[in-house]
Amino acid sequence: MASFKTPALKNPSLSLSSKPRLPSAFPVSFRDNLRFSRSSSRPQRRFLIITASAASISSKPTVLVAEKLGETGLTLLKEFANVDCSYSLSPEELCTKISLCDALIVRSGTKVSREVFESAGGRLKVVGRAGVGIDNVDLAAATEHGCLVVNAPTANTVAAAEHGIALLAAMARNVAQADASMKAGKWQRNKYVGVSLVGKTLAVLGFGKVGSEVARRAKGLGMHVIAHDPYASADRARAIGVELVSFEEAISAADFISLHMPLTAATNKMLNDETFAKMKKGVRIVNVARGGVIDEEALVRALDAGIVAQAALDVFTEEPPKQDSKLVQHERVTVTPHLGASTIEAQEGVAIEIAEAVVGALKGELAATAVNAPMVPAEVLAELKPYVELAEKLGRLAVQLVAGVSGVKNVKVSYASSRAPDDLDTRLLRAMITKGLIEPISSVYVNLVNADYTAKQRGLRITEERIVIDGSPECPLESIQVQIANVESKFASAISESGEIKVEGQVKDGIPHLTKVGSFQVDVSLEGSIILCRQVDQPGLIGKVGSILGQENVNVSFMSVGRIAPRKQAVMAIGVDDQPSKGSLQRIGEVPAIEEFVFLKL
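Calculation notes
- Residues numbered from 1 in each chain as written.
- Predicted model: local features only at pLDDT ≥ 70, side-chain atom pairs only at ≥ 80, totals over all residues.
- Heavy atoms only, no water.
- UniProt positions renumbered as here; feature names shortened; annotations may be inferred.
- Pairing = 2+ DSSP bridges.
- Helix = DSSP H or I, 4+ residues; strand = E, 2+ residues; numbered from the N terminus.
- Buried < 20%, exposed > 50% of the residue type's maximum accessible area, 1.4 Å probe, protein only.
- Contact = heavy atoms within 4.5 Å.
- Polar contact = N/O pair within 3.5 Å; in protein donor to acceptor, adjacent residues only side chain to side chain.
- Salt bridge = Lys/Arg side-chain N within 4 Å of Asp/Glu carboxyl O.
- Axes fitted to C-alpha atoms, helices over the stretch in contact; angles between N-to-C directions.

The chain carries the name D-3-phosphoglycerate dehydrogenase in an unreviewed UniProt entry, which gives Gossypium stocksii as its organism. What UniProt records for the chain under Catalytic activity (unreviewed entry) is the sentence "(2R)-3-phosphoglycerate + NAD(+) = 3-phosphooxypyruvate + NADH + H(+)".

A. Focus on the sheet that holds strand E12 (residues 224-228). Read from one edge to the other, the open sheet built from 7 strands follows the order E13-E12-E11-E14-E15-E16-E17, with strand pairing classed as parallel. Two strands close off the open sheet at either side, each with one partner strand: strand E13 (243-244) and strand E17 (333-335). Relative to strand E15 (residues 283-287), strand E14 (residues 256-259) runs parallel, the two being bridged by 4 bridges. Considered in E15, the bridge of Phe256 is made with Arg284.

B. Spotlight on unusual backbone geometry. The linkage connecting Glu319 with the following residue, Pro320, adopts the cis geometry, with an omega of -5 degrees. Here Pro320 lies in the loop between strand E16 (308-313) and helix H13 (326-329). A positive phi angle, close to 55 degrees, is found at His338, a residue other than glycine. In this structure, His338 sits in the loop between E17 and helix H14 (344-362). What makes His338 partly exposed here is its relative accessible area of 34%.

C. Highlighting helix H12 (residues 296-305). For H12, the set of buried residues is Ala298, Leu299, Val300, Ala302 and Leu303. Against helix H11 (273-277), E16, H13 and E17 lie the buried residues of H12. Its side-chain oxygen 3.2 Å from the backbone nitrogen of Glu297, Asp295 forms the N-cap of H12. Following H12 by one or two positions, Gly306 has its phi on the positive side, about 85 degrees.

D. Local environment of the pattern of salt bridges. Under the counting rule described, the total for this entry stands at 21 salt bridges. The partner of Asp84 in a salt bridge is Lys97, with the nearest N and O atoms 2.9 Å apart. On the criterion of sequence distance, the pair formed by Asp84 in strand E7 (residues 82-85) and Lys97 in helix H3 (residues 91-97) is long-range, its members being 13 residues apart. A relative accessible area of 23% means that Asp84 is categorised as partly exposed. The closest approach of N and O atoms between Arg123 and Asp102, which form a salt bridge, is 3.1 Å. With Arg123 in the loop between helix H4 (114-119) and strand E9 (126-129) and Asp102 in the loop between H3 and strand E8 (103-106), this residue pair connects regions lying 21 residues apart in the sequence. Arg123 gets classed as buried once you look at its relative accessible area, which sits at 15%. Here Asp102 falls in the buried class, since its relative accessible area comes to 3%.

E. Molecular detail of the sheet that holds strand E27 (residues 556-563). Ordered by their spatial adjacency, 4 strands build an open sheet running E27-E28-E26-E29, and the pairing between neighbours is antiparallel. The sheet is open, and its two borders are formed by E27 and strand E29 (594-601), each paired with just one other strand. Between one strand axis and the next, the sheet turns by 15 degrees as a mean value, whatever way the strands run. Here E27 runs beside strand E28 (residues 569-576); their pairing, made up of 7 bridges, is antiparallel. Opposite Val556, over in E28, you have Val576 as the bridge partner. Running over the sheet, helix H18 (residues 541-551) touches strand E26 (529-536), E27, E28 and E29 and is turned about 30 degrees from E28. Together, E26 and E29 form the strand contacts of helix H19 (residues 582-589), whose direction differs from that of E29 by roughly 150 degrees.

Shown next, in the form of structure tokens:
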């Protein structure tokens, strides 16, 4: 086994650490620019050519600013481009103007839809989102039309944290309700008796930039702060005086809960009837993150039942919420209209950050805030396409197997190949493994441009090694193995002999397969989702599990059993097209011969 470093790039402009130049023609997507037929190994290449009109070549580019932007940012833009500030455009007006623009800057109120990209006629080079979330930008359409999307993820951190603390204090002392009461001519001192913050436990869910700043300020108010975040740095938490705990510990111990996680498939409606039931009665909740992380109907039920004493919300599932919203109108709920980033200083910071990113992109540079359009040579994409999918899915599998509160910090990737070291470019594969590890629990969009930067930001150290094997150099890779060290696992059998979570996969007939979990050999297609079971090897077990799934009309696509010896321990990997219900999974776990199981969503 030889140590392996990613080979030096023949084209230094594609380095992750530099700001590469956009070529005049480049593939626009990892997956979408190649179509493969299972009956043929020859790819059908599809490219988008970036062209400029004669006017844009001979004059300054045009930047359309569709929502209010700070003056400092506008000044930066005007030094390089013609700036058109047209606010409150209707969708039709935006589609009409966009064909005359090289860049578009928006906030959260403008929808940059597929129709906008289609109306641009290929001229639109970059969309800048002045803020963090890019829910209002159709990323798939942007990529298909060769348009780069950048955001401004850091400038409003302090403002959002300060607003979280403001809501925390206002909620505890009934400031909004008492203000409304007095303006209605009432004097109700006894009705609006509050609670003290000092000595209370605050659970910060999501310990990133904003969450950690909230924790610092809450410590200054005399609160005991605990936090949950799979990627939180234990050293950083200790430095602030914060204890990292599991999600269950956080919600059950907290007097106050402050939400700072992104809205992903994993966090969607994370606070629901089930989680509210596990909370301390009288808990108070603050949300300045994303509305969708709370099941709003469940929150109303929890408020009415007295489980949740109060809530303070800056964000909502639907913005603006309906005027008759039971949640907004609830007497024990304090609300603000998404003001987290709304300070003069934050707005100027965001304006500068997005202006610099847009100008850089128009100059042909790519910043670390780019969220789409990775650039890879066409020949590399054509060859590595099936391994790209394998790499991302191995990352997703591995991170879902992690349990406990220590977080993912050290990942080792091993590539088995018969090729010479300088003939195997692993940058794309490493980026996709990083994508699989980070995206399920983060709002960051990881690609070739920002993968290493994003991993470093989260304290994630990824090392690579190459295992030299005998074989044909026509095949770039025999297998990819991902190991996560120093973590606990939800599925004990995924721990290898050396103590790491280990998953390994291969590409077979163009389809990624999981071939090893821990020390057990399996063979299951990485399509849909997977159920892993450790059981005592005995006749009829496969039929029992298949019957449970069949009763719920869940289709089994693949099933594989890896065992130590006949009638000893074995691991069964089941590929399913649909997600089984909790009841079906519980019934699988109740089968006597099954010792542990886990459901993994791809």
